[in-house]
Structure formats: C-alpha cells, structure tokens
Amino acid sequence: MLKVYRGELLHFLADPAKVALQESYQYIEDGLLIIKDGLIEQIGEAEALLASLDKDLDVIHYENGLIMPGFIDTHVHYPQTEMIASYGEQLLEWLENYTFPFERQFSDLEHGKKVAEFFLSQLLEAGTTTALVFGTVHKESVEAFFTVAQQKKLRMICGKVLMDQNCPDYLTDTAESGYEDSKALIEKWHNTDRLQYAITPRFAPTCSTEQLNKAGQLLAENPSVYLHTHLSENKAEIAWVEELFPDSDGYLDVYDKSKLLGRRSVFAHGVHLHDSECKRLGETGSAIAFCPSSNLFLGSGLFNLKQAQAFDVNVGLGSDIGAGTTFSMLSTINEGYKTQQLRGDKLSPFKSLYLATLGGAIALDLEGTIGNFVKGAEADFIVLDYHATPLMDRRMQHCKTLSEKLFILSMLGDERHIKATHIMGERV
Ligand code: GUN
Ligand code: ZN
C-alpha cells in the first residue's frame, strides 16, 4: 500500500565531516515522500513526482514543517525515567544514592511495563523512533520493555544489565545466571519483529572478569546481537577501574581483553579517552554514544568529538536518561553544542542533526534500515514545526539560510517542535 507525504524534506547521506557539505545531505524545499508497505519507496521534488502518481492517491501535506528521519537515541536507561533530576552528585555517588535503590523495583514485570509504556510515549513525543536501551539486572525488565515496544511496532534494542560485584545484593546476578538469562532473552526476542538484543554489562566496576569473559563468549556465540556498556565517563570511575583491573592497559582494555569490541559494540560517554583507546575503537568499528546533557548534569566532562573523528570512531547521540535531563534530541544537540563551545570547537547544525539520525544509525550498524530516506529503509520519520513556539517563530523570521534555520531549530527546539511522529509510515 502506498502512503504519500508532502513537505520540506531533509535527510543525510554521509558524515558532513567526511565529505563536502553539499554531498552530506539532501534537502528538498517542496518534496514528496512515497512509502510502500512501511518502507521508503521514493523521495523527490513534489511537482515532478505528483505528475507520475495516481491522481486519486491521498497526499498528506505538512506545510510549514520539516520532514526528517526519526531521531535515534544511542544510549538511554528506561528504568531511570522516574528518577531523572536527582540532585547533587557525580557518577559514583549518584549510582549509589539514587540509581541502585530505584532500579530495584524492576523485578516486577508489571511495574516495568508501566514505566516502559510511559518511557516510549515520551521518546515518540520527542521524535525519537529508535533507541539503544538499558534495562536493569532483572530479566523481567527486558521482558516488559520488549513487550511494550513490540505492541508499538518500534525498532528498539534492549538488554538485561550484567552486574555481579560492587553493587547492592538485591541487584546482583552471577557470571553464570547473567549469561543464562541473557541467552534466554536473546532466543526469545532478538530479531523478533523490529526488536534486537544488547548484551549489557553495566560497566567494568560492577562486573568481574569472569562475567565480562562470559559476556564476550555470549557475543561470539551471537554475532548479530549488540554489546552496550559505559566507558570512561568520570575521573573517579576511571581511577577505580585501574585499581580493580591492574593487569589491564587502561579502561577500554578491560573490555578488549574480554573480546567486547566490534561493529555492534556501543560505549556510552568516552569522555576521557586516550588517543590509543580512540584508535582501538575506530579500528574495531565500535561506537561511542555522546551524551552531553548527562555529561554536564553529572559534571563528568566535555566529550572530545574532534578526537573521536580523527580516529574515525562511529559516534551517535544519547540522552542517557536519567543522568541526562531531556528525552529530546534537539535539546541534547543544544547541550552538545555548548560542550563543544567550552572546548573551543564548533558543532555545526548539519553535523549535529547527522549525529541524531544517520550517525546514530551507523553507530548501531543499521545504515540502510533507519536513519535516512534511502529506498527500502523503514519509514520512521518526524515532522518538525518551525512555528510551534512564539520565540522560534519570531527568530525564524530573521533567518535566511538553511544552515541558520537548522541551527535555530536545534538551539530553541524540544518536544514542542515535534508536530508528528510516524512509525513505518503510520502516524502515532
Ligand atoms: N555507569 C554505570 N552505570 C551508569 C548509569 O546508570 N548511568 C550513567 N550515566 N553511567 C553509568
Ligand atoms: Zn548510561
């Protein structure tokens, strides 16, 4: 079945840092998006394409709006939705005082479903259509999440957290039980509809070497699943890892020794990486989730995007709720821009919107499936509204170029500027 949408279209074809800017995106001021059975069939100039279409076909026209691929959040914790904005601590104390006690509730499947329902509705309202998501240590948390995501026909990736040391007893699994529970979840859910599984060791401090090795074994046994964890977020955390793993040559090497790096491995943060670590991430095809609102909220530091780029590391954007303070990728871009300003680096609106869409898809090894409007891609897309708030409306009146328009959208934009979200071509 064909569905046709008309409006201003923008999507990315390549990383603006790697090719000439004009080659990195396609922009059509009055475009048509033709969708067949939920997949992108064709895009192009509206007038030309309309002439070739059946005159009786319904065309949904989004005037004064920008149609873009749905945003991709490459790092977020759904169980932390209700603990967002917990005051006053940096990472390790924040985990101990707020996060761990909170995650305890997710042994209850019904609780998990309620939170997953709210979490996913928040994501969709913010224009995020795919996310790489942490559960808790409880297998029920992932069961709940996938059940709800499946009902909503979403492309989502999630995993049960592995943690067998340095955390409260009530959140502890074992190397063996973590392996078995993850394996059962992979068998049940991985590649079921649009759902995929991520093996999810929380971070090196809460995982024994035995557990990390088991995670590596499971990844080798299931090469199409993801590996999702945290890396070099906070200085006290890094010092602790060096103490706990004295035989390793730095933080990343702890994961490397357990064979956890690869094309489907995503490491959240990477705020304090050595060049040698970036090099290793780049050569293994691993990705970093850049989570600026979280990095600022927890006082973790300023991510070095230039360094990641220099070593050709795949990078996506992450909200990292509940250390992050917003579901909105537009607001996340706003925070990201400021982190780069503080470094003396520029984050252009093309680069940041690339990171929120195609860059995220590449980080998740899903290029061609989501992230842009190439033929055959899944038609998850959003409509951005330049006039949703009086301030943006006024500011837009003084703007001349596309670059300026996109920059204003990403600095002043948030959930209010998402006019519509579509999943597989259908408005939700
Ligand atoms: N490192 C280990 N666990 C977490 C978490 O839940 N949030 C963040 N931001 N960092 C972590
Ligand atoms: Zn996180």
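Residues numbered from 1 in each chain as written. Chains lettered and ligands numbered in written order. Predicted model: local features only at pLDDT ≥ 70, side-chain atom pairs only at ≥ 80, totals over all residues.

### Observations regarding the sheet that holds strand S1 (residues 2-12)
Reading across from one edge, S3-S2-S1-S4-S14-S15-S16 is the order of the seven strands in this open sheet, with mixed pairing throughout. A single partner strand is all that each edge strand has here, and the edge strands are strand S3 (39-45) and strand S16 (426-427). The sheet contact formed by strand S14 (residues 381-385) and strand S15 (residues 418-423) spans four bridges and is antiparallel. Across the sheet, the residue bridging to phenylalanine 381 is histidine 422, located in S15. (Pairing = 2+ DSSP bridges. Helix = DSSP H or I, 4+ residues; strand = E, 2+ residues; numbered from the N terminus.)

### Comments concerning the pairing of S14
Extensive coverage of S14 is indicated by the burial of five of its five residues. Burial along S14 is two-sided: Phe381, Val383 and Asp385 and Ile382 and Leu384, pointing in opposite directions, are all buried. When strand S4 (residues 59-69) meets S14, the two strands line up antiparallel, connected through five bridges. Within the sheet, the bridge partner assigned to leucine 66 lies in S14 and is leucine 384. (Buried ≥ 20, exposed ≤ 12 C-beta atoms within 10 Å, placed from the backbone.)

### Some thoughts on the domain arrangement of the protein
Here the protein is described as being made up of domain 1 (2-69 + 371-427) and domain 2 (71-327). A separation of 31 Å is found between the C-alpha centroids of domain 1 and domain 2. Each partner contributes residues to the interface: domain 1 has ten residues there, and domain 2 has eleven residues. For the side of domain 1 that touches domain 2, the element with the most residues is S15, which contributes three residues. Of the residues that constitute the side of domain 1 that touches domain 2, the class distribution is five nonpolar, two polar and three charged. (Domains from an automatic or database assignment. Contact = placed C-beta atoms within 7 Å. Nonpolar A, V, L, I, M, F, W, Y, C, P; charged D, E, K, R; others polar.)

### Considering the site of ligand 1
Looking at ligand 1, the residues that line it are His77, Leu91, Leu95, Thr99, Arg202, Phe203, His230, Glu233, Ser294, Asp320 and Ala323. If one sorts the elements of the shell around ligand 1 by residue count, helix H3 (residues 91-103) sits on top with three residues. By residue class, the composition of the shell around ligand 1 is four nonpolar, four polar and three charged. (Near = placed C-beta within 6 Å.)

### Quick word on helix H10 (residues 275-284)
For H10, every residue scored as buried is listed here: Glu277, Cys278, Arg280 and Leu281. Along the axis of H10, the buried positions cluster into a sector of 160°, meaning they face one direction only. Facing away from the buried side of H10 by over 90 degrees, the exposed positions are Asp275 and Glu283. Along its buried surface, H10 packs onto helix H9 (251-257), strand S12 (287-290) and helix H12 (305-310). Downstream of H10 by one or two residues, glycine 285 has phi in the positive range, about 75°. (Arc of directions from axis to C-beta.)

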